[in-house]
Amino acid sequence: VKLDKQLGVAIGRCLRYELEHAKEEKLIEDERKMIEDLEKANKVEHDEILRLEGELEVMTRAKAGLSRDLDEAKVAIADLQGNLDETVEERKALEADLGSKLSERDEELLRLRAELEGEKKRAEDLRREKNALEATVHRDQLLDQVASTLASDMNMKGLFEQVCVHACDLMDADRATLFLVDKEKSELWSMVAHGDESIRIPLSTGVAGHCACTG
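Only a predicted model underlies this, so the values are computations on that prediction, with no experimental measurement involved. (Residues numbered from 1 in each chain as written. Predicted model: local features only at pLDDT ≥ 70, side-chain atom pairs only at ≥ 80, totals over all residues. Heavy atoms only, no water.)

Helix and strand content of the protein chain: three helices and three strands. Computed over the C-alpha atoms, the radius of gyration of the protein chain is 68 Å, more than 25% above the 17 Å expected from 2.2 N^0.38 for a compact globule of 215 residues. Counting only C-alpha atoms and orienting by the principal axes, one finds that the protein chain spans roughly 210 × 55 × 30 Å. Across the 215 residues that make up the protein chain, the buried fraction comes to 9%. (Helix = DSSP H or I, 4+ residues; strand = E, 2+ residues; numbered from the N terminus. Rg over C-alpha atoms; globule rule 2.2 N^0.38 Å. Buried < 20%, exposed > 50% of the residue type's maximum accessible area, 1.4 Å probe, protein only.)

This is the structure:
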């Protein structure tokens, strides 16, 4: 019985040992898997770091290229600014020269316009003088005709008719009437009336009567 008890105790200890050993192996296996997972994660992170480093290198090179391009652009801008300044100065000089030429041209145009206005005025004065001279010549011719008519041997009625015709021409009138004064009847009567029969009006009537009364 004592031996059986000792054997049972030994067996229990073996079982506990195996159980504890199994637990330790499981823990070791779990740790191994964890280590593998960590190694895989480290490899992924390492690959990601390499990729990022490669991209950083590319970006660094690109930045260097952009810096060179920027420096070249700055140089080009400076050149363009210099050319622009020269162009502005040239434009100002051209504008000043053009303004001077335009001023001279404007003065010349004003002078020519004044001369033209003077010529127009002289031409208008000559035209008026010519018209006045022609009117004077025409009037003198008409007066010569009236004088010739008065010196002719025609009868009184024909003479007065010719005088009325020449009076219309001299006065540029459409018609004329010659009134004679009848003192006995205190009337005016038309000896010659273009387009009308002989008429009689009181001596003091109208413009003709006023002229007859006042002279």
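Bringing unusual backbone geometry into the picture now. Excluding glycine, a negative phi dihedral is what most residues carry, and trans is how most peptide bonds are arranged. Phi is positive for Ser-186, which is not a glycine, with a value near 50°. Judged by its relative accessible area of 40%, Ser-186 falls in the partly exposed class.

This part covers the pattern of salt bridges. Considering all chains together, one arrives at 17 salt bridges under this definition. Across the salt bridge formed by Asp-47 and Lys-43, the nearest N and O atoms sit 3.3 Å from each other. Taken together, the residues span about one helical turn, with Asp-47 and Lys-43 both in helix 1 (residues 2-150) at a distance of four residues. Relative accessible area serves as the criterion here: at 37%, Asp-47 is assigned to the partly exposed category. A salt bridge links Arg-200 to Asp-182, with the shortest nitrogen-to-oxygen separation between them at 3.3 Å. One end of the pair, Arg-200, is in strand 3 (residues 200-202); the other, Asp-182, is in strand 1 (residues 177-182), and 18 residues separate them in sequence. For Asp-182, a relative accessible area of 14% puts it in the buried group. The network of salt bridges with shared partners includes Lys-121, Glu-124, Asp-125, Arg-127 and Arg-128. (Salt bridge = Lys/Arg side-chain N within 4 Å of Asp/Glu carboxyl O.)

A few words now on the environment of Glu-55. Positionally, Glu-55 belongs in helix 1. When the C-alpha positions of Glu-55 and Asp-71 are compared, they lie 24 Å apart, and in sequence the two are 16 residues distant. One polar contact links Glu-55 to Arg-51, side chain to side chain, over a distance of 2.4 Å. (Polar contact = N/O pair within 3.5 Å; in protein donor to acceptor, adjacent residues only side chain to side chain.)

So, about a negative patch on the surface. On the surface, Asp-85, Glu-86, Glu-89 and Glu-90 cluster together into a patch of negative charge. On the secondary structure map, Glu-89 appears in helix 1. (Patch = residues over 30% accessible without salt bridge, like charges linked within 9 Å, V, L, I, M, F, W, Y side chains within 5 Å. Areas by Shrake-Rupley, 256 points an atom, 1.4 Å probe, with all protein chains shown as cover. Lys, Arg positive; Asp, Glu negative; His and termini not counted. Charge placed at Lys NZ, Arg CZ, Asp CG, Glu CD.)

In this model, helix 2 (residues 156-171) (16 residues) spans 22 Å end to end at C-alpha, consistent with the 22 Å of a helix rising 1.5 Å per residue. Considered for burial, the residues of helix 2 that qualify are Gly-158, Leu-159, Phe-160, Cys-164, His-166 and Cys-168. At the C-terminal side of helix 2, Asp-172 shows a positive phi close to 55°. (Expected span 1.5 Å × (residues − 1).)

Let's shift gears to the environment of Val-137. Within the secondary structure, Val-137 is located in helix 1. Val-137 gets classed as partly exposed once you look at its relative accessible area, which sits at 37%. Here the alpha-carbon distance between Val-137 and Asp-85, two residues 52 residues apart in the chain, equals 76 Å.

On to the side chain of Asp-182. For Asp-182, the side chain forms a polar contact with the main-chain nitrogen of Glu-184, separated by 3.3 Å. Filtering out sequence-adjacent residues up to four positions away, Asp-182 remains in contact with Glu-187, Trp-189 and Arg-200. (Contact = heavy atoms within 4.5 Å.)

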